[in-house]
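# Results of the structural survey
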Amino acid sequence: MERIDFEKDIELDKKDALIIVDMQNDFIPGGSLAVEEGDLIIYGINQLAKLLKKKKATIVLTQDWHPKNHLSFASNHPGKNPGDEFMSEDGAIGPVLWPDHCVQGTKGAEFHKEVKTKLADKIIQKGMNPNVDSYSGFQDNDKKSKTGLKKYLDSKKIKHIFVCGLALDYCCYYTAMDGFDFGYEVFFLVNLTRGVDLPVGNVENALNNLKNTGIKFAKIESFIQ
Ligand code: VGL
Ligand code: ZN
């Protein structure tokens, strides 16, 4: 992507929601599916969360929450390794297999200790069906089952969502795209995300698709304090 144009002078209010995607130990350096520099975005996410709280906006955390037998794990496919290409016909699993991560009840599935989880109004868990992955905070990859995020946002009359967290090209990307499809105005907080870039080029593709879809980009400086 040539360059990113950031929005200016965004005035936050109670129709806004910050969606903080999967800020869990396994996605942060030291974790099993560590995203490079994933720890560096925590401070900014907390700052923004405090600002949203002040403006009476809503804060949602998503949490990847897999059973041990989840089919996105390479370990559940004999002979396969993490990073291997794998795509199921209905799009439920893939395009690559992952190391075991965010297994329910493990340390790796917990939010990073520096993330201010007390500011959250709601936690949305996803990825519990062993046969289907759920990159989006809204629904499973096969789009058959919903997480409850849309219902929750609509109950609070949310119109605009701001997406940050991990990983840029998976869970943040699909959450933003579904948010757009479901009718919200979507702002992608690109500086408060980091990507896995698997397969290589995936981050660039994701950013281009977001832009071409009509999703806007914002950063901390975009907001009126
Ligand atoms: C994610 C891969 C597998 C993410 C979750 O949070 O982006 N990526 N599970
Ligand atoms: Zn996962």
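Reference entry: report on the structure contained in this document. Keep in mind the model is a prediction, meaning the values are calculated, not measured. (Residues numbered from 1 in each chain as written. Chains lettered and ligands numbered in written order. Predicted model: local features only at pLDDT ≥ 70, side-chain atom pairs only at ≥ 80, totals over all residues. Heavy atoms only, no water.)

## Notes on the packing of aromatic side chains
To be explicit about the condition: Note on aromatic contacts: the rings of Phe and Tyr and the six-membered ring of Trp form a pair at centre separations within 6.5 Å, being stacked when their planes are under 30 degrees apart, edge-to-face when over 60 apart, and tilted otherwise. Numbering of helices and strands runs from the N terminus, with a helix taken as a DSSP run of H or I at least four residues long and a strand as a DSSP run of E at least two residues long. When a residue's accessible area, from a 1.4 Å probe over protein chains only, is under 20% of the maximum for its type it is buried; when over 50% it is exposed; and in between it is partly exposed.
Counted by the stated rule, this structure contains 9 aromatic pairs. Note on Phe 138 and Tyr 184: the rings are 6.0 Å apart at their centroids and 20° apart in plane angle, and the pair reads as stacked. Here Phe 138 is found in the loop between strand S3 (122–126) and helix H2 (149–155), whereas its partner Tyr 184 is found in the loop between helix H3 (168–181) and strand S5 (185–194), with 46 residues between them in sequence. Relative accessible area serves as the criterion here: at 1%, Phe 138 is assigned to the buried category. Chaining the aromatic ring pairs together yields one cluster made of Trp 98, Tyr 135, Tyr 170, Tyr 173 and Tyr 174.

## Points about the site of ligand 1
Operational definition: Summary of the distance rule: residues count as near a molecule or strand when at least one heavy atom falls within 4 Å of that molecule or strand. For this analysis, a polar contact is any N or O atom pair within 3.5 Å, provided that within protein one partner can donate a hydrogen and the other can accept it, and provided that sequence-adjacent residues contribute only side-chain to side-chain pairs. In these tables, accessible area is a Shrake-Rupley quantity obtained with a 1.4 Å probe, and a residue counts as shielded only by the protein chains included in the view. Method remark: on a 1 Å grid restricted to protein atoms, a set of points is classed as a cavity if a 1.4 Å probe fits but cannot get out and as a pocket if it is open with protein on both sides within 12 Å along at least five of seven lines; lining residues have an atom within 4 Å of a point. A cavity or pocket is said to hold a molecule if more than half of that molecule's atoms lie within 2 Å of its grid points. Throughout this entry, Asp, Glu, Lys and Arg are counted as charged residues, while Ala, Val, Leu, Ile, Met, Phe, Trp, Tyr, Cys and Pro are counted as nonpolar. The remaining residues, Gly among them, count as polar.
Taken together, Asp 22, Phe 27, Asp 64, Trp 98, His 101, Tyr 135, Leu 166, Ala 167, Tyr 170 and Cys 171 make up all the residues around ligand 1. At 3.3 Å from an oxygen atom of ligand 1 is found a main-chain nitrogen or oxygen belonging to Leu 166. Ala 167 places a polar main-chain atom, nitrogen or oxygen, 3.0 Å from an oxygen atom of ligand 1. Out of a free accessible area of 260 Å², ligand 1 has 99% covered by protein chains. Mapping ligand 1 onto the cavity grids shows that it belongs to the largest cavity. Here the residues of the shell around ligand 1 are counted per class, giving 7 nonpolar, 1 polar and 2 charged.

## Details of the nonpolar core
Here is the rule we go by: Take the buried Ala, Val, Leu, Ile, Met, Phe, Trp, Tyr and Cys residues and link them wherever side-chain atoms come within 4.5 Å; each set so joined is a nonpolar core. Contact criterion: two residues are considered in contact whenever any of their non-hydrogen atoms come within 4.5 Å of each other.
If you look at the biggest cluster of nonpolar residues, it comprises 65 residues, and the most contacted ones within it are Leu 18, Leu 153, Ile 161 and Phe 188. Counting residues per element, this core draws most heavily on H3, at 7 residues. Leaving out residues up to four positions away in the same chain, Ile 161 has contacts with Ala 17, Ile 19, Phe 138, Leu 153, Gly 179, Tyr 184, Glu 185, Val 186 and Phe 187. By size, the runner-up hydrophobic cluster in this structure holds 5 residues, among which are Ala 74, Ala 92, Ile 93 and Val 132.

## Considerations on the coordination of the zinc ion (ligand 2)
Spelled out, the test is: Atoms are scored as donors when they are N, O or S and lie within 2.8 Å of the metal, with 3.2 Å used for Na, K and Ca; no water is included, so coordination may look incomplete. Each label reflects the angles at the metal, where four donors whose angles all fall between 85 and 135 degrees are tetrahedral, four or six donors whose opposite pairs open beyond 155 degrees and whose other angles stay between 65 and 115 are square planar or octahedral respectively, and the rest are irregular.
In this structure, Asp 64 (OD), His 66 (NE2) and His 101 (NE2) serve as the protein donors to the zinc ion (ligand 2), at separations of 2.0 to 2.2 Å. In this structure, the zinc ion (ligand 2) is coordinated by 4 donor atoms arranged in irregular fashion, with angles at the metal of 87 to 168°. Positions of the donor residues of the zinc ion (ligand 2), expressed as sequence spacing, correspond to D-x1-H-x34-H.

Nothing here speaks to function; it is all geometry.
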